[in-house]
Amino acid sequence: MNLLPTATNTDVQEQQPQVAVLPIGSFEQHGKYLPLITDTAIACVIAQEIAAAYPVHLLPPITVSCSHEHAAFPGTVSISARTLYAVIDDIRASLARSGIHKLVIVNGHGGNYVLSNVVQEANVDGPAVSLFPLGPDWDRAREYGGLESDRHADMHAGEIETSILLHAAPELVREGYDESDHDSRERPFLLVQGMAEYTQSGVIGFPSLATAEKGKAVLESLRSSFSAHLDVLCRVS
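Residues numbered from 1 in each chain as written. Predicted model: local features only at pLDDT ≥ 70, side-chain atom pairs only at ≥ 80, totals over all residues. Heavy atoms only, no water.

**A few points about the packing of aromatic side chains**
Move 1: Scanning all chains against the criterion turns up 2 aromatic pairs.
Move 2: Between Tyr-54 and Phe-226, the ring centres sit 5.1 Å apart and the planes meet at 65°, which makes this aromatic pair edge-to-face. A residue pair is termed long-range when its members are at least 10 positions apart, and Tyr-54 in the loop between helix 2 (38-53) and strand 2 (57-58) and Phe-226 in helix 8 (residues 212-234) qualify at 172 residues.
Move 3: The class for Tyr-54 is buried, based on a relative accessible area of 16%.
Move 4: Classification of Phe-226 by relative accessible area gives buried; the value is 0%.
Move 5: Cluster of aromatic residues (ring-pair linked, three or more members): Tyr-54, Phe-132 and Phe-226. (Phe/Tyr/Trp six-rings, centres within 6.5 Å; stacked < 30°, edge-to-face > 60°. Helix = DSSP H or I, 4+ residues; strand = E, 2+ residues; numbered from the N terminus. Buried < 20%, exposed > 50% of the residue type's maximum accessible area, 1.4 Å probe, protein only.)

**Here's the deal with the environment of Pro-188**
Move 1: Topologically, Pro-188 is positioned in the loop between helix 6 (159-168) and helix 7 (190-193).
Move 2: A relative accessible area of 58% places Pro-188 in the exposed class.
Move 3: Note: C-alpha distance between Pro-188 and Tyr-198 (10 residues apart in sequence) is 9.9 Å.

**Notes on the layout of surface pockets**
Move 1: Here the largest pocket is characterised by a volume of approximately 810 Å³.
Move 2: Lining the largest pocket we find 30 residues, and of these His-109, Gly-110, Gly-111, Trp-138 and Met-155 sit closest to its centre.
Move 3: At the level of secondary structure, the elements contributing two or more residues to the lining of the largest pocket comprise helix 2, helix 5 (135-145) and helix 6.
Move 4: By residue class, the composition of the lining of the largest pocket is 10 nonpolar, 12 polar and 8 charged. (1 Å grid on protein atoms, 1.4 Å probe; cavity = no way out; pocket = protein on both sides within 12 Å on 5 of 7 lines; lining within 4 Å. Points joined across faces, edges and corners; volume = space filled by probe spheres on them. Nonpolar A, V, L, I, M, F, W, Y, C, P; charged D, E, K, R; others polar.)

**Quick notes on the side chain of Arg-187**
Move 1: Looking at the element boundaries, Arg-187 is found in the loop between helix 6 and helix 7.
Move 2: From its side chain, Arg-187 meets the backbone oxygen of Ser-184 in a polar contact 2.7 Å long.
Move 3: Leaving out residues up to four positions away in the same chain, Arg-187 has contacts with His-152, Met-155, Tyr-198 and Ile-204. (Polar contact = N/O pair within 3.5 Å; in protein donor to acceptor, adjacent residues only side chain to side chain. Contact = heavy atoms within 4.5 Å.)

**Quick look at the sheet that holds strand 3 (residues 102-107)**
Move 1: If you trace the 4 strands from one edge of the open sheet to the other, you get 2-1-3-4, paired in parallel fashion. The sheet is open, and its two borders are formed by strand 2 and strand 4 (129-132), each paired with just one other strand.
Move 2: Here strand 1 (residues 19-24) runs beside strand 3; their pairing, made up of 6 bridges, is parallel. The partner of Pro-23 across the bridge, within strand 3, is Val-106.
Move 3: Each of strand 1, strand 2, strand 3 and strand 4 touches helix 2; the most contacted strand, strand 1, lies at about 160° to it. (Pairing = 2+ DSSP bridges. Axes fitted to C-alpha atoms, helices over the stretch in contact; angles between N-to-C directions.)

Here it is as structure tokens:
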């Protein structure tokens, strides 16, 4: 799959988009069968679905973010929350200079808690930044896709992430996902102790339930849910 947008400046000039879409992923472990770029790939897939359906300016992804809870697993790389905040702030300033004042952040990694504060602060003077997908968007997508697990239990490298990649980028999914389920519903001190305290494999969820058909349906639901975010972001008061 191609994670990068291929538009030319002429394409953008002709479209004259008012909204930019920024995928943010991570570079962190996802068990033995999904790659370190899983969250980035999923954020890009969702962003590409959006760009195919709505008049937005698709940006390349931020590929390293706040994955500190995965630090015990080899290969994981993180940046600080303040660095991620600063990068987004710089991107917004650059977009504004080119006449684009609205931004949608497509977040592929649940550990990027700082993004909620980015959005909260950006919208003090009116709608300017939206975060997508939110919890209700994911819940609708799970229901629409017929997923058997819930969002809490299927936290990491589970049914939903594996399903999306089985549909959109099956070449990224290695053998073994169908025998890698791990149930760790109680995780009271995840941010204190990290993922390694709750899983030896790096998985928390049920990848054995994943199918490409579910992944396709999940993306269809998210594409539809995005419409409400765009309406609110661009609403004229």
